[in-house]
Amino acid sequence: MAANGTGVSTPRSQLARIQTQKKGNEMCHDDSGKPVKAQTIDELHSLQKKRSAPTTPLDGVQGAFASLTEGERQRQQLQSISASLASLTRGTGPKVVKGDPAEKPYAVAHVAHHYHHVEAPTISVSDSSLKFTHVLYNLSPAELYEQAVKYEKGSFITSSGALATLSGAKTGRSPRDKRVVIDDTTQYELWWGKGSPNIEIDEHTFMVNRERAVDYLNSLDKVFVNDQFLNWDPQNRIKVRIVSARAYHSLFMHNMCIRPTLEELENFGTPDFTIYNAGQFPCNRYTHYMTSSSSIDLNLARREMVILGTQYAGEMKKGLFSVMHYLMPKRQILSLHSGCNMGKDGDVALFFGLSGTGKTTLSTDHNRYLIGDDEHCWSDNGVSNIEGGCYAKCIDLSGEKEPDIWNAIKFGTVLENVVFDEHTREVEYGDKSVTENTRAAYPIEYIPNAKIPCVGPHPKNVILLACDAFGVLPPVSKLSLAQTMYHFISGYTALVAGTEDGIKEPTATFSACFGAAFIMLHPTKYAAMLAKKMQKHGATGWLVNTGWSGGSYGSGKRIKLPYTRKIIDAIHSGSLLNATYEKTEVFGLEIPTEIEGVPSEILHPENTWTDKQAYKDTLLKLGGLFKKNFETFTNYKIGKDNKLTEEILAAGPNF
Ligand SMILES: Nc1ncnc2c1ncn2[C@@H]1O[C@H](COP(=O)(O)OP(=O)(O)OP(=O)(O)O)[C@@H](O)[C@H]1O
Ligand SMILES: O=C([O-])CC(=O)C(=O)O
Ligand SMILES: [Ca+2]
Ligand SMILES: [Mn+2]
């Protein structure tokens, strides 16, 4: 038996007497540390939180806000938020106040009286003008975690530290509910009609929905406001404000947009674009144009977007992307639905492709610098990421296959619609119970080799990704410029289930510019810009099938990710340029006969099909679908050059 504390053995029936060391005549203490400097529990709690460092006073020469006192700056900031939240039809509304309503009572100095149109009326004041709307302004991830866990059902911390959330009834975007205001300008500027993603609404209806969203947000005790940036190109940076009702939405945008420094926030001023996200609240079916309870409305003249009836956070990111697809081409800058990375020698590659084709997966490459995974601009200075974060699909995610994405799922990351063990909080990435479109949104710096700032030189390779559910496109082919343009305009893939609401299994899809859901102008405008830039900078186009091999969806298998990576490696290194090529029938694609690390027999899809006749039939079927899809574009001239237009038309399938 081990000796007890006193070192004296005692009979079993008798407990040892506790000996306390005598220190003079002192009383017995719990411990020997210094007592806390607090008289009450509340005082103790007040010691725990240190006030954030006061924002550095600027030294007089740095812009309009330089000479403002801290109090005045706070007042102006609140006034700006108050103006964003104001009803445009009533003179009054709730008072906007900064801070969490659950915390200490607000300081009067922080109240901004609601923005008034008319002189403050003394009669007909509604109850809503008597209440306060608390603004939680650019909260930190830790604060947003607490808000989510305390107040939002379905918010949990996973074992790796990410915040698991539910996006509600919608687990993908709703392209059929995305509407754009048609006015005297947009009527001529934008692409309308068949094939266009822009479903029209009039200005009045927009205002009805805007008022509905603003009233809903003001009816809450608190709203979240994010002031952030888009576009890493400093000359073409856009200031965005996102007003939302959920900590989940605020953290999502914190991760996905570019995060301002404290100093940039001080000088933020008025946003260039504002989103009102009232996603929990439906639109009114009695409102003109409404065809469901969801509506995502874009007003370019007002520089505003209103979200009603969907909490899927991707609507915000892709809504802003649409805005960029309008603003950037006006400045001769091409906006692209693409991933982008850069090699050690500065060789940049773009990865175009529709949802689920591999932009995020393949641009996140341990051997290369990540510039961005989804939205870019190509200007005369090179490429720049529009966003400050990545949005990865995480169905079947594994640490072995995709270590960088796996490791990015940690504290600060939003994990949407995943299933986890109720006790260990370990995520089961294979579980599709909520949706197949499970997602992780993390700041780009969570990828170890992210290139910050996220800009790079002109692209050397332009990789078009298609997830071919028919299994007849080769794993890789080298494209002529005309073929690149043909496939860019076609934007073919087999949409993988879930990202767009309502689609449950892969089907052949054509989406112009690999992102028709987000473009605002006619596809040929973007195509012409791409052709010009590729020509000018000598970029090579490639078509990579990340989809099926050995048969169509159902009988064949998806091409193994390690093989696709080897193919991509050979493109980056330049070795594939020097390979021997053969030309395929129907599509006329140049395919290499050999690639290091890839079995040669899979390079020609015909070899992988046991039923050769089925292969031929399927190939012709897909060729027919391409032809039919392209009919809409045959009447358009691409760029200034008639020659290029004719070449592009000839670059499609031929049979
Ligand atoms: N051969 C392959 N190449 C690329 N991705 C593959 C391949 N096989 C399976 N996958 C899987 O396909 C998915 C590709 O999704 P990814 O997130 O990269 O799409 P995305 O193009 O970024 O789409 P979105 O625009 O919706 O974000 C991943 O889940 C990846 O693991
Ligand atoms: O927008 C989304 O929800 C996800 C995405 O990146 C896409 O669909 O292209
Ligand atoms: Ca992606
Ligand atoms: Mn995307």
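Within each chain, residue numbers correspond to sequence positions counted from 1 in written order. Written order decides the labels, with chains lettered from A and ligands numbered from 1. Side-chain atom pairs in this predicted model are given and counted only at pLDDT of 80 or more, local residue features only at pLDDT of at least 70, and totals for whole chains, interfaces and linings cover all residues. Only hydrogens and water are set aside; all other atoms, that is, all heavy atoms of the structure, feed into the side-chain values.

## Some points on the packing of helix α6 (residues 247-256) against helix α8 (residues 314-330)
The test is simple: Here, axes are lines fitted to C-alpha atoms. For helices the fit covers the stretch in contact, and angles between N-to-C directions go from 0 to 180 degrees. Labels follow the DSSP assignment, with helices taken as runs of H or I lasting at least four residues and strands as runs of E lasting at least two, numbered in each case from the N terminus. An angle below 35 degrees is treated as roughly parallel, one above 145 as roughly antiparallel, one from 65 to 115 as roughly perpendicular, and anything else as oblique. The hand of a helix crossing depends on one turn: near helix anticlockwise from the far one by less than a right angle means left-handed, and clockwise means right-handed. Contacts are assigned to residue pairs that have any heavy atoms within 4.5 Å of one another.
Between α6 and α8, the shortest axis-to-axis distance is 9 Å and the interhelical angle comes to 45°. Relative to α8, α6 is oriented oblique. Between α6 and α8 lies a crossing of right-handed hand. From α6, His 249, Phe 252, Met 253 and Met 256 reach across to α8, where they touch Gly 314, Met 316, Lys 317 and Leu 320.

## Focus: the domain arrangement of the chain
Bring the parts together and some accessible area is lost; that lost area is often taken as the interface size. Put simply, the rule is: Those domain boundaries reflect an automatic or database domain assignment. When two parts are put together, the accessible area they lose, computed with a 1.4 Å probe and summed over both, is reported as buried area. A side-chain nitrogen of Lys or Arg and a carboxyl oxygen of Asp or Glu constitute a salt bridge if their distance falls within 4 Å. Polar contact is the term for a pair of N or O atoms within 3.5 Å; when the atoms are in protein, one must be able to donate a hydrogen and the other to accept it, and sequence-neighboring residues count only if both atoms are side-chain atoms.
Partitioning the chain into structural domains gives domain 1 (139-167 + 396-435), domain 2 (170-331) and domain 3 (459-650). Just the C-alpha atoms count here: the centres of domain 2 and domain 3 sit 32 Å apart. Across the contact, 23 residues belong to domain 2 and 15 residues belong to domain 3. When the two sides are added together, the surface that domain 2 and domain 3 hide from each other amounts to roughly 1700 Å², 61% of it contributed by carbon and sulfur. Summed over the three residues of domain 2 that lose the most area to domain 3, namely Arg 173, Trp 191 and His 325, the buried surface amounts to 38% of that side. Viewed at the interface, domain 3 and domain 2 are joined by zero salt bridges. The tally of links between domain 2 and domain 3 comes to four residue pairs in polar contact (both at pLDDT 80 or more). With six residues, the top contributor of residues to the side of domain 2 that touches domain 3 is α8.

## A word on the site of ligand 1
Basically, it comes down to this: The rule for a residue being near a molecule or strand is that one of its heavy atoms must lie within 4 Å of it. Reported accessibility uses the Shrake-Rupley method at a 1.4 Å probe radius. Residues are deemed covered only where the shown protein chains occlude them.
The environment of ligand 1 is made up of 20 residues, and the closest members are Ser 355, Gly 356, Lys 359, Thr 361 and Arg 439. Between ligand 1 and Gly 356, the relevant distance is 2.8 Å, taken from an oxygen atom to a main-chain nitrogen or oxygen of the residue. For ligand 1, an oxygen atom lies 3.0 Å from a polar atom in the side chain of Glu 402. Alone, ligand 1 offers 650 Å² of accessible surface; in the complex the protein occludes 90% of this. When contributions to the shell around ligand 1 are tallied by element, the ones reaching two or more residues are α9 (359-363), β18 (389-393) and α13 (561-573). Per element, the largest residue contribution to the shell around ligand 1 is three residues, and it comes from α9.

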